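So the chains spell out like this:
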Amino acid sequence: FAEKIDENANQVIMKLMGLGVMAGLNDQIEFEQAELVALEFNKEIAKEVKLDEIEIQEKDLDFEDDEKDLQTRPPVVSVMGHVDHGKTSILDAIRDTQFASGEAGGITQHIGASTVKINDKEIVFLDTPGHEAFTQMRMRGAQSTDIAILVVAGDDGVMPQTIEAINHAKAAEIPIIVAINKMDKEESDPNRVKQELTEYGLVSEDWGGDTIMVEVSARTGDGIKDLLEMVLLVAEMRELKANPNRAAVGIIIEAQLDKARGSVATVLVQKGTLHDKDYVVTGSSSGRIRAMFNSKGEPISEAGPSMPAQILGLSDVAEAGDKIFAVEDEKTARAYADRAKEQKREERLIQKSNTNLEDMYEGI
Ligand code: GDP
Ligand code: MG
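The structure displayed is predicted, hence computed values, not measured ones.

Here we take up the overall build of the protein. Each helix and strand counted, the protein has nine helices and 16 strands in total. Considering only contacts within the protein whose residues lie at least 6 apart along the sequence, 72% involve residues at least 24 apart. Looking at the protein as shown, the accessible area adds up to about 20000 Å², and 47% of this sits on carbon and sulfur atoms.

Our next topic: the side chain of Arg73. One can find Arg73 in the loop between β1 (71–72) and β2 (76–81). Those residues in contact with Arg73, other than ones at most four positions away along the chain, are Asp146, Leu240, Lys241, Ala242, Pro305 and Ser306.

Glancing now at helix α6 (residues 160–171). The end-to-end C-alpha separation of α6 is 17 Å, in line with the 16 Å expected for 12 residues at 1.5 Å each. Among the residues of α6, Thr162, Ala165, Ile166, His168 and Ala169 are the ones counted as buried. Relative to the axis of α6, the buried residues are bounded by an arc of 160° and lie together on one face. Where α6 ends, the next residue or the one after it, Glu173, has phi of about 55°, a positive value.

Strand order in the open sheet formed by six strands is β3-β4-β2-β5-β6-β7, with mixed pairing between adjacent strands. Each having just a single partner strand, β3 (113–118) and β7 (213–215) make up the two edges of the open sheet. Shown here is a sheet whose adjacent strand axes are inclined to one another by a mean of 30°, direction ignored. Looking at chain direction, strand β5 (residues 147–153) and strand β6 (residues 176–181) are connected through six bridges and run parallel. Across the sheet, the residue bridging to Leu150 is Val178, located in β6.

Let us now look at the side chain of Asn181. Of note, Asn181 is situated in strand β6. When its relative accessible area of 2% is taken as the criterion, Asn181 is described as buried. A distance of 3.1 Å separates a polar atom in the side chain of Asn181 from the backbone nitrogen of Ala218. If we ignore the near neighbours within four places in the chain, the residues touching Asn181 are His85, Gly86, Ile90, Val151, Val152, Ala153, Gly154, Ser188, Val216, Ser217 and Ala218.

Quick look at helix α7 (residues 190–198) now. All of the buried residues along α7 are Pro190, Val193, Lys194, Glu196 and Leu197. For α7, the angular spread of buried residues about the axis comes to 165°, placing them on one side. Looking at the packing, one finds that the buried side of α7 touches β5, α6, β6 and β7.

Turning to the packing of aromatic side chains, a few remarks are in order. In the structure shown here, the tally under the stated rule is one aromatic pair. Here the guanidinium or amino end of Lys15 rests over the ring plane of Phe41, the centre of that ring lying 5.5 Å away.

Take the sheet that holds strand β10 (residues 262–271) next. As summarised here, the arrangement of the six strands in space is β9-β10-β15-β13-β12-β16, forming a closed barrel in which the pairing is antiparallel. Adjacent strand axes in the sheet meet at a mean angle of 45° when their direction is disregarded.

Next up on the list: the pattern of salt bridges. Applying the stated criterion across every chain, the model contains 19 salt bridges. A salt bridge links Asp146 to Arg73; the nearest nitrogen and oxygen atoms lie 2.9 Å apart. With Asp146 in the loop between α5 (131–139) and β5 and Arg73 in the loop between β1 and β2, the pair connects residues that are 73 residues apart, well separated along the chain. Each member of the pair Asp146 and Arg73 is classed as buried.

Next up on the list: unusual backbone geometry. Unusually for a residue other than glycine, Asn119 sits at a positive phi of about 50°. Residue position: Asn119 is located in the loop between β3 and β4 (121–126). The phi angle at Glu239 is positive, at roughly 50°, despite the residue not being glycine. On the secondary structure map, Glu239 appears in the loop between α8 (224–238) and β8 (241–242).

Membership of the largest hydrophobic core comes to 27 residues, with the highest contact counts inside it found for Ile90, Ile123, Phe125, Ile149, Ile177, Leu227 and Leu228. Among the elements of the structure, β2, α4 (87–100), β3, β4, β5, β6 and α8 are those that each provide at least two residues to this core. With seven residues, α8 is the single largest residue contributor to this core. Sequence-distant contacts of Leu228, defined by excluding residues within four places in its chain, comprise Ile94, Thr97, Val116, Ile118, Ile123 and Phe125. Among the nonpolar cores identified, the runner-up in size contains 24 residues, and Ala113, Val267, Ile289 and Leu314 belong to it.

Residues in close proximity to ligand 1 total 15 residues, the closest being Asp84, Lys87, Thr88, Ser89 and Asp184. Here Lys87 contributes a backbone N or O atom positioned 2.8 Å from an oxygen atom of ligand 1. For ligand 1, whose free accessible area comes to 580 Å², the fraction covered by protein is 75%. Of all the elements, α4 adds the most residues to the shell around ligand 1, at three residues. Its residues assigned to classes, the shell around ligand 1 comprises two nonpolar, seven polar and six charged.

Rules used in this analysis
- Residues numbered from 1 in each chain as written.
- Chains lettered and ligands numbered in written order.
- Predicted model: local features only at pLDDT ≥ 70, side-chain atom pairs only at ≥ 80, totals over all residues.
- Heavy atoms only, no water.
- Helix = DSSP H or I, 4+ residues; strand = E, 2+ residues; numbered from the N terminus.
- Contact = heavy atoms within 4.5 Å.
- Areas by Shrake-Rupley, 256 points an atom, 1.4 Å probe, with all protein chains shown as cover.
- Expected span 1.5 Å × (residues − 1).
- Buried < 20%, exposed > 50% of the residue type's maximum accessible area, 1.4 Å probe, protein only.
- Arc of directions from axis to C-beta.
- Pairing = 2+ DSSP bridges.
- Axes fitted to C-alpha atoms, helices over the stretch in contact; angles between N-to-C directions.
- Polar contact = N/O pair within 3.5 Å; in protein donor to acceptor, adjacent residues only side chain to side chain.
- Phe/Tyr/Trp six-rings, centres within 6.5 Å; stacked < 30°, edge-to-face > 60°.
- Lys NZ or Arg CZ within 6 Å of the ring centre and 35° of its normal.
- Salt bridge = Lys/Arg side-chain N within 4 Å of Asp/Glu carboxyl O.
- Core = buried A, V, L, I, M, F, W, Y, C linked by side-chain atoms within 4.5 Å.
- Near = heavy atom within 4 Å.
- Nonpolar A, V, L, I, M, F, W, Y, C, P; charged D, E, K, R; others polar.

Structure below.
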């Protein structure tokens, strides 16, 4: 032990005596005694753990909850649609309703998601995940969105990315609310939009269908509040629930390396509550949360179901679309991350050998 902490053995024996422990050079001492001695030398020690002895799998962390533990959670909404139809403008107009209604405003941090309060209920908006990111998340089986707002410009109608967005939402089996935007423009023709959308199975309620369509103008703000109320209505019908009282499970929606702050990631909590100082693991990256912020950039100490939080403290840059889990302690986090790293390495090797085989066959 003296060697391990790089101190003179006699000094260590003396300190032990000071603690009432009589020990010779080759005697064993308890970890707790060693810890106290180390402290005397102003050193910190930790138990050596064999990481591969820790059996921990995704199903242990992402387990199903009992029905009785579930509580209503806010809806998570994605705004989709063709380029220039007004996705960003609608998100801005939605945030403006907050400032107008006297909510503490300020500068919205870009963390990839934001929360809005309407009629005392919260809605979480994901900043349009580029369709690619969205597809990637889905490919990994991660479902981040509960409701899609499909923005269609009233003066332009259904366009290729409108159709793409419809297909994404259908594949993800999430309800679509159509926002017919740019209604302040004279050329806007909502009936034409509704007509075009029928070809894709979206029939407006006032035409006897079951798709909610709201006419809005991101520019003037007209209809934005109605749109938000419709989101709440659909959310209520879906009975979105999660158990807030368990170790958190979430999804990484954004991640980057920040020069000053290190690895930064935005997490959307899906189950449980994520706390500052929680040990977490995502993919092959692990760590302990060093600080947490909301979309206004304010420090927060916890984030419950559906809430986005920017976290600092991961060992590596996380990957968008990966799940993130809060775990009991550091060694569990590291064991899980190590295994994920190993798995990735194996997958790469298999891929490589497959490619080699393909090359071989091609040569035949
Ligand atoms: P995105 O590509 O879907 O995010 O579209 P943007 O929000 O960037 O909007 C594209 C253009 O349409 C911008 O020049 C906006 O100012 C304009 N725009 C967006 N919403 C409205 C609206 O309601 N009325 C009018 N007149 N212009 C709008
Ligand atoms: Mg945009």
